[in-house]
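Results of the structural survey
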Amino acid sequence: MEPEEDTAALAAQELIVSYSRMRRRIREFASDLTPSQTSVLSRLSKEGESSLSLLAQAERVRPQSMAATLSALDERGLIARRPDPDDGRRQLINLSGTGENYVRDYRKARDEWLARMLREHATEAEIADLREALLLIERITRV
């Protein structure tokens, strides 16, 4: 094995560990929701109205699992449902006003925490290096 391959493999392992740790820390801001519930709220916020079947497909879960996730979000008033005008058997799902506020507050808390951690634990040069590394991560994940 060439040294470059060893270095790349080591960097890949370290990146995965760091990514997992960061995801766990960020999830703490939505600790009252499951990761699946948080993911659905985020998807609805970004992509807008959807159906149960499309959400299940996008999240790579069975429709029954998505129904349970949506039921929990509905009980908390975080989503709104309406009949699909093109198919009376389907419902269209979107964020409720409460859901929009939840997502906005979650993102604000998450972003503020991460910015504070960077200010407290990294130099300006390290932050610049991180931004360069993020450009690389973005490039390799677009392949």
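Residues numbered from 1 in each chain as written. Predicted model: local features only at pLDDT ≥ 70, side-chain atom pairs only at ≥ 80, totals over all residues. Heavy atoms only, no water.

**Topic: the nonpolar core**
In summary, soluble globular proteins display a tendency toward joint burial of nonpolar side chains. Heads up, the condition is: We define the nonpolar core as a collection of buried residues of types Ala, Val, Leu, Ile, Met, Phe, Trp, Tyr and Cys that are connected through side-chain atoms lying within 4.5 Å of one another. Three labels apply to residues, based on accessible area from a 1.4 Å probe with only protein chains included: buried if under 20% of the type maximum, exposed if over 50%, partly exposed otherwise in between. Elements are defined by DSSP. Helices are runs of H or I of four residues or more, strands are runs of E of two residues or more, and each kind is numbered from the N terminus. It only takes one pair of heavy atoms within 4.5 Å for two residues to be counted as in contact.
Residues Leu41, Leu70 and Leu73 are the most contacted members of the largest nonpolar core, which totals 19 residues. For this core, the secondary structure elements donating two or more residues are α2 (35-47), α3 (52-59), α4 (63-75), β3 (87-95) and α5 (97-121). Broken down by element, this core gets its largest block of residues, 4 residues, from α5. Leaving out residues up to four positions away in the same chain, Leu73 has contacts with Leu33, Gln37, Val40, Leu41, Leu78 and Ile79.

**Some details on the pairing of β3**
Counted only if it meets this: When DSSP finds two or more bridges between two strands, those strands count as paired.
Bridge analysis of strand β1 (residues 50-51) against β3 gives 2 bridges, and the strand direction is antiparallel. Bridging across to β3, Ser51 finds its partner in Leu92. With 6 bridges connecting them, strand β2 (residues 79-84) and β3 associate as antiparallel partners. Counterpart to Arg81 in the pairing with β3 is Ile93. The turn linking β2 back onto β3 is made up of 2 residues.

**Thoughts on the confidence of the model for the chain**
Worth spelling out the cut-off: Per-residue confidence from the predictor is given as pLDDT, running between 0 and 100.
On average, residues of the chain score 93 in pLDDT, and 97% of them reach the 70 mark or higher. Put simply, helix α1 (residues 3-27) is where the chain has its lowest mean pLDDT, 87, and α4 is where it has its highest, 98.

**A look at unusual backbone geometry**
Phi at Arg60 is positive, roughly 60°, even though this residue is not glycine. Mapped onto the elements of the fold, Arg60 is located in the loop between α3 and α4. Since its relative accessible area comes to 77%, Arg60 is described here as exposed.

**With respect to the pattern of salt bridges**
Test applied: A side-chain nitrogen of Lys or Arg and a carboxyl oxygen of Asp or Glu constitute a salt bridge if their distance falls within 4 Å.
All chains considered together, the criterion is met by 13 salt bridges. The shortest N-O distance in the salt bridge between Arg104 and Asp105 comes to 3.3 Å. The partly exposed category is assigned to Asp105, whose relative accessible area is 43%. Taken together, the shared-partner salt bridges in this structure form one network comprising Arg43, Glu47 and Glu59.

**Quick word on α4**
Threshold: Any helix carries an expected span of 1.5 Å times its number of residues minus one. The directions from the helix axis to the C-beta atoms form the arc being described.
Taking 1.5 Å per residue as the helical rise, α4 with its 13 residues ought to reach 18 Å, and the 18 Å between its terminal C-alpha atoms agrees with that figure. Among the residues of α4, those classed as buried are Met66, Thr69, Leu70 and Leu73. Looking straight down α4, one finds that the buried residues subtend no more than 95° of arc, so they occupy a single side. The exposed set on the far side of α4, more than 90 degrees from its buried face, consists of Gln64 and Glu75. Turning to α4, the residues buried within the fold contact α2, α3, β2 and β3. Where α4 ends, the next residue or the one after it, Gly77, has phi of about 75°, a positive value.

**Examining the side chain of Thr38**
One can find Thr38 in helix α2. According to the relative accessible area criterion, Thr38 is buried, its value standing at 16%. The residues contacting Thr38, other than those within four sequence positions of it, are Ala30, Leu33 and Tyr106.

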